[in-house]
Amino acid sequence: MPYNKPVPKPSPLTQPFWDGAKEGKLMLPKCVACERVHWYPRHICPFCHSMNIEWIEGSGEGRIYNYAIQNRAFGGWAEEAPFVTAYIDLDEGDRMVTVLRGVDATDPTSIKIGSKVKVEFEQASDDIYIPFFRVVEDSS
Amino acid sequence: MSLSKAAAIVGAAEAIEIGYLEEPITSLQLHIEAIKAVSDQTGIPISDIEGVFSTGWSSELSEHLGIHPKYIDTTSVGGCSFEMHVHHALLAVYAGVIDVALVSHGQNGWSARRIGGGGHRGGDPTAPATQMSMSYGFSGAPSNYSHAMVSHNHKFGTTPEDFAHVAVVTREWATLNPRAVMHSRETHEFGGPITLDDVNNSRIISWPLTLLHCCLVTDHGGAVLIAKPEIAKSLKTNPVWIAGAAENMSHSNMLEMDDFTATSAYASGQAAYEMAGLGADDMELALLYDSFTLTAAITAEMLGLAPRGEGYKLWKDGHAAPGGRLPINTNGGGLSFNHSGMYGMHLLIEAYRQLSGTAEDEVNGIKGKQTNARTCVVNGTGGSLSTTGTLVLVAD
Ligand SMILES: [Zn+2]
């Protein structure tokens, strides 16, 4: 079945991220001056305001900061509801938003904050692969 | 002259009809009806308005009214924009740029479903934060605020049931306000008092939020006039003094919210209290943005009205209820009175009515809604717990 959910349109700022995603890599912007990773991509480092920013390949690993269940949704997502949206604290620092894979949205309390997750990509179009995260180890 | 109390709110009025309107209405009409009403209420002619403050409407409104303001503000950062407009108007009056300011609101949140309009403008799809969040099925405010509930529960050991008390008590206030959509079975098929079970068992929207944790989506228009002291003291209406005003923000996109249980209401609250020379303990009334039960409860914590993690207890223990020591959301709130999408004007109008002693006039209430409060903290929260404006208002 063709991908039927919203597909982002890259801009020059974000193109390296989407290029990486197509190859299965989670590319992250990192400030050359203060060496901190920030998310989402910016023209300027939000920590030290240097404009010297490079892209690094992230580990794709992190932990669940927070999650909630989307019991209703629109468009293609409506067919998938309920599903679990989550905020992931990346091992490299800062936070991404995602939909969790490998969890049971009908049993919300079975999902644990702090659980370890790993990125995976789903093809949405010829050039766009969207990052999702899968729980690989429950928080104990 | 000090900035504190350099201006007063001298009148506050609503559109002729608000709520779930049977005949669709435009946002512009809601604006204009409220502006006309507040002009009539105060006796200030529309032609005397020198500053116009609105969420992007100021140029269109001024032209529609045939006026030529010398101060034009279009701050539009969500539902707290109106508290910010009051802040900005206070500064403009204090600086001597204008003597009379209009803050105006019109939003056909309900009618927009049939005739379009509403108050929301689409974001830029190329914005990096949008690209990195648009693929995950979020569907409006509840889908974001549910995350904050989960964080509060996780951090403080609270439960959604704790927050349900906010909905029950706020509904109790609505039963004292005939203008409230959920006043009674006569005003709405699901109106009248509700129980904790009603809240907990209502339809799930975004776990852990059920329907009755979420605000209404109605049509609403409102306007307030703000004037310098010499004018404020000369009018037929009672002035309500702007003793403190401040604003702040922690983020725009929730991706950048560091702690989902803490908002910039702490910063804007502290600054507003400081300007007023008053503290949380001095507040006799609170009007707190309740887009969701948790919004009001977290804001109460941020404003120092309750300890961290325990905001919900103000409602659970009855302090916020009619007859309680700190009445909160005496109009019935966004949960049960009205919420057009941006709720900040609704707060201003109720604060003015309470502090001017007009909360129970023939259109606005029945006995029991008017409090004895002489001080009120008003806080608006916009976006995804993003932006805040706090006012400390005092009676004349
Ligand atoms: Zn830096």
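Our structure is the block above this text.
What you see is a predicted model; the values in this text were computed from it and never measured. (Residues numbered from 1 in each chain as written. Chains lettered and ligands numbered in written order. Predicted model: local features only at pLDDT ≥ 70, side-chain atom pairs only at ≥ 80, totals over all residues. Heavy atoms only, no water.)

Enquirer: Explain the overall build of chain B here, please?
Expert: Regarding its fold elements, chain B presents 14 helices and 11 strands. What you see for chain B is a C-alpha radius of gyration of 19 Å, in line with the 21 Å of a compact globule of 396 residues. Taking the principal axes of the C-alpha coordinates as reference, chain B spans close to 50 × 50 × 45 Å. Counting every position in chain B, which comprises 396 residues, the buried fraction comes to 63%. The long-range fraction of contacts in chain B, counting pairs at least 24 apart against all pairs at least 6 apart in sequence, stands at 73%. Summed over its atoms, the accessible surface of chain B is roughly 13,800 Å², and 50% of this surface lies on carbon and sulfur atoms. In chain B, the 22 positive side-chain charges and the 40 negative ones have mean positions that sit 3 Å from each other. (Helix = DSSP H or I, 4+ residues; strand = E, 2+ residues; numbered from the N terminus. Rg over C-alpha atoms; globule rule 2.2 N^0.38 Å. Buried < 20%, exposed > 50% of the residue type's maximum accessible area, 1.4 Å probe, protein only. Contact = heavy atoms within 4.5 Å. Areas by Shrake-Rupley, 256 points an atom, 1.4 Å probe, with all protein chains shown as cover. Lys, Arg positive; Asp, Glu negative; His and termini not counted. Charge placed at Lys NZ, Arg CZ, Asp CG, Glu CD.)

Enquirer: How should the coordination of the zinc ion be read in this particular structure?
Expert: Four donors placed tetrahedrally around a metal ideally meet at 109.5 degrees, and six donors placed octahedrally ideally meet at 90 or 180 degrees. All names here are of chain A. Those protein atoms acting as donors to the zinc ion are Cys31 (SG), Cys34 (SG), Cys45 (SG) and Cys48 (SG), and they sit at 2.3 Å. Of note is the zinc ion, whose four donor atoms meet at the metal with angles of 102 to 116 degrees in an arrangement that counts as tetrahedral. If you list the donors of the zinc ion from N- to C-terminus, the spacing comes out as C-x2-C-x10-C-x2-C. You can see Cys31 sitting in strand E1 (residues 27-31) and its partner Cys45 sitting in the loop between E1 and strand E2 (53-57), a full 14 residues away along the chain. Of the two residues, Cys31 and Cys45, neither departs from the other in class, the shared state being buried. (Donors = N, O, S within 2.8 Å, 3.2 Å for Na, K, Ca; no water. Tetrahedral: all angles 85-135°; square planar, octahedral: opposite > 155°, others 65-115°.)

Enquirer: Sorry if this is basic, but what is going on with the interface of chain A and chain B here?
Expert: Think of interface size as the accessible area that goes away when the parts come together; that is how it is often given. Taken together, the 42 residues of chain A in the interface contact 31 residues of chain B. When the two sides are added together, the surface that chain A and chain B hide from each other amounts to roughly 3,100 Å², 60% of it contributed by carbon and sulfur. Together, Tyr40, Arg72 and Tyr87 of chain A form the three largest contributors to the area buried by chain A at its contact with chain B, with a combined 20%. Where chain A meets chain B, there are one salt bridge. The salt bridge involving Glu256 of chain B is made with Arg42 of chain A; its shortest N-O contact spans 3.2 Å. Summed over the shared surface of chain A and chain B, the result is 19 residue pairs in polar contact (both at pLDDT 80 or more). Listing elements by their share of the side of chain A that touches chain B, those giving two or more residues are helix H1 (15-22), strand E3 (61-70), strand E4 (83-90), strand E5 (95-101) and strand E7 (129-137) of chain A. (Buried area = accessible area lost by both parts, 1.4 Å probe. Salt bridge = Lys/Arg side-chain N within 4 Å of Asp/Glu carboxyl O. Polar contact = N/O pair within 3.5 Å; in protein donor to acceptor, adjacent residues only side chain to side chain.)

Enquirer: So what exactly am I meant to see when it comes to the sheet that holds E5 of chain A here?
Expert: Backbone-to-backbone hydrogen bonds pair the strands of a sheet. The strands run either parallel or antiparallel. Spatial strand order, E3-E4-E5-E7-E6 (chain A): five strands in a closed barrel with mixed pairing. Pairs of neighbouring strands in the sheet enclose a mean axial angle of 50 degrees, with direction left out of account. When E3 of chain A meets strand E6 (residues 116-123) of chain A, the two strands line up antiparallel, connected through three bridges. Across the sheet, the residue bridging to Gly62 of chain A is Val117 of chain A, located in E6 of chain A. Those strands touched by H1 of chain A are E5, E6 and E7 of chain A, and its axis lies near 60 degrees from that of E7 of chain A. Against the sheet, helix H6 (residues 141-156) of chain B engages E3 and E4 of chain A, with an angle of about 115 degrees to E3 of chain A. (Pairing = 2+ DSSP bridges. Axes fitted to C-alpha atoms, helices over the stretch in contact; angles between N-to-C directions.)

Enquirer: Honestly, the nonpolar core in this entry has me stumped. Any pointers?
Expert: Nonpolar side chains in soluble globular proteins tend to end up buried together. By size, the foremost hydrophobic cluster in this structure holds 111 residues, and its most contacted members are Leu100 and Phe133 of chain A together with Leu288, Leu294, Leu305 and Trp315 of chain B. Residue contacts for Leu294 of chain B: discarding those within four places in its chain leaves Tyr145, Ala148, Met149, Phe163 and Leu209 of chain B. Counting residues in each nonpolar core, the second largest holds 37 residues, with Ile9, Val93, Ala245 and Ile349 of chain B among its members. (Core = buried A, V, L, I, M, F, W, Y, C linked by side-chain atoms within 4.5 Å.)

Enquirer: Explanation requested: the pattern of salt bridges in the structure shown.
Expert: Once their charged atoms are close, side chains differing in charge can pair, the charge on each being opposite to the other. All names here are of chain A. Across all of its chains, the model carries 19 salt bridges over all chains by this definition. We note a salt bridge from Glu80 to Arg101, for which the minimum N-O separation is 3.5 Å. Here Glu80, found in helix H2 (residues 76-80), pairs with Arg101, found in strand E5; they are 21 residues apart in sequence, far enough to count as distant. Glu80 sits in the partly exposed class, given a relative accessible area of 31%. Arg101 gets classed as buried once you look at its relative accessible area, which sits at 15%.

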